[in-house]
Amino acid sequence: MFRYIVRRLLQMVLTFFGATFIVYALMFANQTDPIQALAGERPITDSQRQVLTERYHLDEPFIKQYWYYMKALLTGDFGTSLTNRKIADMLEQAWPVTLRLAILAIVIASTVAILAGVISGIRRGGAFDNVTLLVTLVMLALPIVVLAPLAQLVFGIQLGWFPPTAGGDASLYELLLPALVLGSLVVATELRVTRSSVAENLRADYVRTARAKGLTGKRVIGVHVLRNSLIPVITLIGVDIGNLMSGAIVTEGVFNIPGVGFNLFRGINTEDGPLVVGFVSVLVIVFLVVNLIVDLLYAALDPRIRYE
Amino acid sequence: MSDIEAVTAAEGATGRTPEPGPAAESRRDKPRSLAGDAWIDLRRNKIFWAAAVLVAVLVLMAAVPGVFGAGDPRDCALSRQHAGPSGSAFFGYDFQGCDVYARTIYGARNSILIGLFATLTSGIIALIFGLSAGYFGGWLDALLSRFIDIVLGLPFLLAAIVLARRLSSDPNDSGIWAVTVTLGFLGWTTAARVMRSSVIASKNQDYVAAARMLGAGPARLMMRHIVPNSVAAFIVVLTILLGVNIATEATLSFLGVGLKGDAISWGIMINESSPYVRTAAAPLVWPSVFLALTVLAFIMLGDAVRDAFDPKLR
């Protein structure tokens, strides 16, 4: 187990540097004239140009610029955005609302997915199962750009059940509609995996043994089947974090929530390179750490899996 | 990586071990190829036919939009702003006074072309990566697999936004080329992994050993023996990827980094009409419906094909 963790950590370090390098290169390599882009339309004097070149190491080779950036990043200095705000401060302001939104979305999605998944897994081929399969198919096919504006239109504006937008210090109720939209991105996958793993486990020998011992159906399903069926569902959460991040960009934009995705989206449109790279680097770290935790959790939950 | 690919991956992980059970053997009276068997199964599948009809209509829409009786999608007049349906403009007019029906019909072409070419690009990259990693193994496999890990470590939409923005920063450029390249270069990882594992499974089969003993070189072994026998799961992943790519194109266009300028795209239509939903909902609703139907069609197609190739899930 220890060796597995070490190997997994080394792999994570490699992935982290690779991924941030790709993003850094995409954002900064072969820029036509970053200084002019910073100044906009205004003319720029030679001395200003020189100061900026030195501050951003623009006269040095690209790989060295990346090195300086990573050195600063790893010592906790995320740099400043082109609007001269500290990226660390912006992150600090943005993440609480995004975190609340994401947690709410995950809780809603997994509750629905596990309940419905277990029921349709037990009654495989029944009416409920067929309906859920159809519904999840439709949900998988609904891109977030369709779902978010339509949900806002129908539930926020026409029916008026929820406030159509949520601000920075939104209450849970205000965040409910965006969270439902975000959660629906992952609920279909989780439901289908729960369903197929429950259906598979029901045929396992240990279930027959439990039944033969005379245990009630409730206990067989609730303890024996459920525990084993949830293992693949938990590993899905790692993948889901990536989906939620992508979804958050659109959802936060549509519902006007000033979270991480909202800031990132604005940074991309204003060509704010340092902001984009800073935010994306943090998101990549979150993504990798969550995936690592999930992998380790997988080993802890399922003693059959041995890592060497 | 998208949620839909995750379904395939997750379901595949629990159920894609080929297991010729006794039932399967007795059911077959004469030997059939896997593809032939899958085709017979597909013909009986209602979902497959529903998806196929939808795809056919959409392809027709993309190829000859004129036959759907739509007017000129670029004929806009502010005097008709948010006007109701009239003449051939069945869905009314949008904020700029453009015919929503015409724009929705003409929007199919960009979506389908981009989806198709991006998937093709991803497919070629995935084939090369998966085949060489799986066939040669060793350090090449380690290198390629780590590279796949790195690309998978990037959250898909984030990387796509950055790349698409970079490839087409000129606001007058339509962005079609940039979006195709972006999606093609980022979406291949799952397909490459699937290809790699099925190549590894089939390269140790007896018929490959036999062909090798007969003196076949690596190129012939791969093209004649390994690829045809490991391509099924790969094609399923690509079909689903096609739907995902169409959805992602719309998302990128919605965010303003996809199609731009005077290109017609469902994503742009959704973006442009969403500020005015309180006064006119139709310009938002119709492109959304068509986009959802298109993605649904390709995902249903992929689902049906997977079920046909993977008898264990039945």
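Residues numbered from 1 in each chain as written. Chains lettered and ligands numbered in written order. Predicted model: local features only at pLDDT ≥ 70, side-chain atom pairs only at ≥ 80, totals over all residues.

This part covers the overall build of chain A. When helices and strands are tallied, chain A shows 12 helices and 0 strands. The linear arrangement of helices and strands in chain A, starting from the amino end, is α-α-α-α-α-α-α-α-α-α-α-α. Of all 308 residues assigned to chain A, the portion counted as buried reaches 39%. Of all intrachain contacts in chain A linking residues separated by at least 6 positions in sequence, the fraction that spans at least 24 positions is 73%. (Helix = DSSP H or I, 4+ residues; strand = E, 2+ residues; numbered from the N terminus. Buried ≥ 20, exposed ≤ 12 C-beta atoms within 10 Å, placed from the backbone. Contact = placed C-beta atoms within 7 Å.)

Each helix and strand in chain B was counted, giving 13 helices and 0 strands. Along the chain direction, N to C, the helices and strands of chain B fall in the order α-α-α-α-α-α-α-α-α-α-α-α-α. A buried classification covers 48% of the 314 residues belonging to chain B.

Time to look at the interface of chain A and chain B. With 49 residues of chain A in contact, the opposing surface of chain B contributes 43 residues. For the side of chain A that touches chain B, the elements supplying multiple residues, two or more each, are α1 (2-28), α6 (127-141), α7 (144-158), α8 (172-202), α10 (217-254), α11 (260-269) and α12 (273-301) of chain A. The class makeup of the residues in the side of chain A that touches chain B is 37 nonpolar, 10 polar and 2 charged. (Nonpolar A, V, L, I, M, F, W, Y, C, P; charged D, E, K, R; others polar.)

Moving on to the nonpolar core. Judged by nonpolar contacts, the single largest core of 152 residues is most densely connected at A160(B), I161(B) and A191(B). With 17 residues, helix α11 (residues 218-255) of chain B is the single largest residue contributor to this core. If you look at the next biggest cluster of nonpolar residues, it comprises 5 residues, including V198(A), A199(A), I221(A) and V225(A). (Core = buried A, V, L, I, M, F, W, Y, C linked by C-beta atoms within 7 Å.)

The end-to-end C-alpha distance of α12(A) is 41 Å, a good match for the 42 Å that 29 residues give at a rise of 1.5 Å each. The set of residues buried in α12(A) consists of G273(A), L275(A), V276(A), V277(A), G278(A), F279(A), V280(A), S281(A), L283(A), V284(A), F287(A) and N291(A). (Expected span 1.5 Å × (residues − 1).)

The next thing to look at is the packing of helix α5 (residues 87-122) of chain A against α10(A). All names here are of chain A. Put simply, α5 and α10 touch, their axes get as near as 10 Å, and they point 140 degrees apart. Relative to α10, the element α5 is oriented oblique. Helix-helix and strand crossings are classified by hand; for α5 and α10 the assignment is right-handed. In this structure, α5 uses T98, L101, A102, A105, I114, V118 and I122 to contact α10, whose residues at the interface are I221, L226, V233, L244 and A248. (Axes fitted to C-alpha atoms, helices over the stretch in contact; angles between N-to-C directions. Parallel < 35°, antiparallel > 145°, perpendicular 65-115°, else oblique. Left-handed = near helix turned anticlockwise from the far one by under 90°.)

For the rest of this paragraph, the subject is the packing of helix α6 (residues 138-153) of chain B against helix α9 (residues 189-203) of chain B. All names here are of chain B. The geometry of α6 relative to α9 is characterised by a closest axis approach of 10 Å and an angle of 150 degrees between their N-to-C directions. In this view, α6 runs roughly antiparallel relative to α9, as classed from their interaxial angle. Regarding α6 and α9, the two cross each other, and that crossing is left-handed. Two secondary-structure elements touch here, α6 through I148, V151 and L152 and α9 through T189, A192 and R193. When grouped by side-chain class, the residues that make up the contact of α6 with α9 number 4 nonpolar, 1 polar and 1 charged.

Here the phi dihedral of N256(A) falls at roughly 60 degrees; this positive angle occurs in a residue that is not glycine. With respect to the helices, strands and loops of the structure, N256(A) is situated in the loop between α10 and α11.

In an α-helix, one turn spans 3.6 residues, which is why side chains three or four residues apart end up on the same side. Residues and elements named next belong to chain A. Taking 1.5 Å as the rise per residue, α8 with 31 residues should run 45 Å; its terminal C-alpha atoms sit only 38 Å apart, a clear shortfall. The principal kink in α8, of about 40 degrees, is found at S184. Here α8 lies mainly inside the structure; 25 of its 31 residues are buried. (Bend = angle between axes of the 7 residues up to and from the residue.)

Residue and element names in this part refer to chain A. As for its position among the elements, F155 is in helix α7. Each C-alpha atom, one on F155 and one on L177, is 8.1 Å from the other, the two residues being 22 residues apart in sequence. Leave out the neighbours within four places in its chain, and F155 touches W161, F162 and L177.

Residues and elements named next belong to chain B. Overall, the prediction assigns chain B a mean pLDDT of 79, with 85% of residues at 70 or greater. Contacts of residues 1-26 to residues separated by more than four positions or lying in other chains number 54 contacts, the stretch itself having pLDDT below 50. With a pTM of 0.81, the predicted complex shows an ipTM of 0.79. (pLDDT = per-residue confidence, 0-100.)

Now for the confidence of the model for chain A. Taken as a whole, chain A shows an average pLDDT of 80; of its residues, 92% reach a score of 70 or greater. Mean pLDDT across the secondary structure elements of chain A bottoms out at helix α2 (residues 34-39) of chain A, with 65, and peaks at helix α9 (residues 205-212) of chain A, with 87.

Structurally, the position occupied by A210(B) is in helix α10 (residues 206-213). We classify A210(B) as exposed; it has 11 C-beta atoms within 10 Å.

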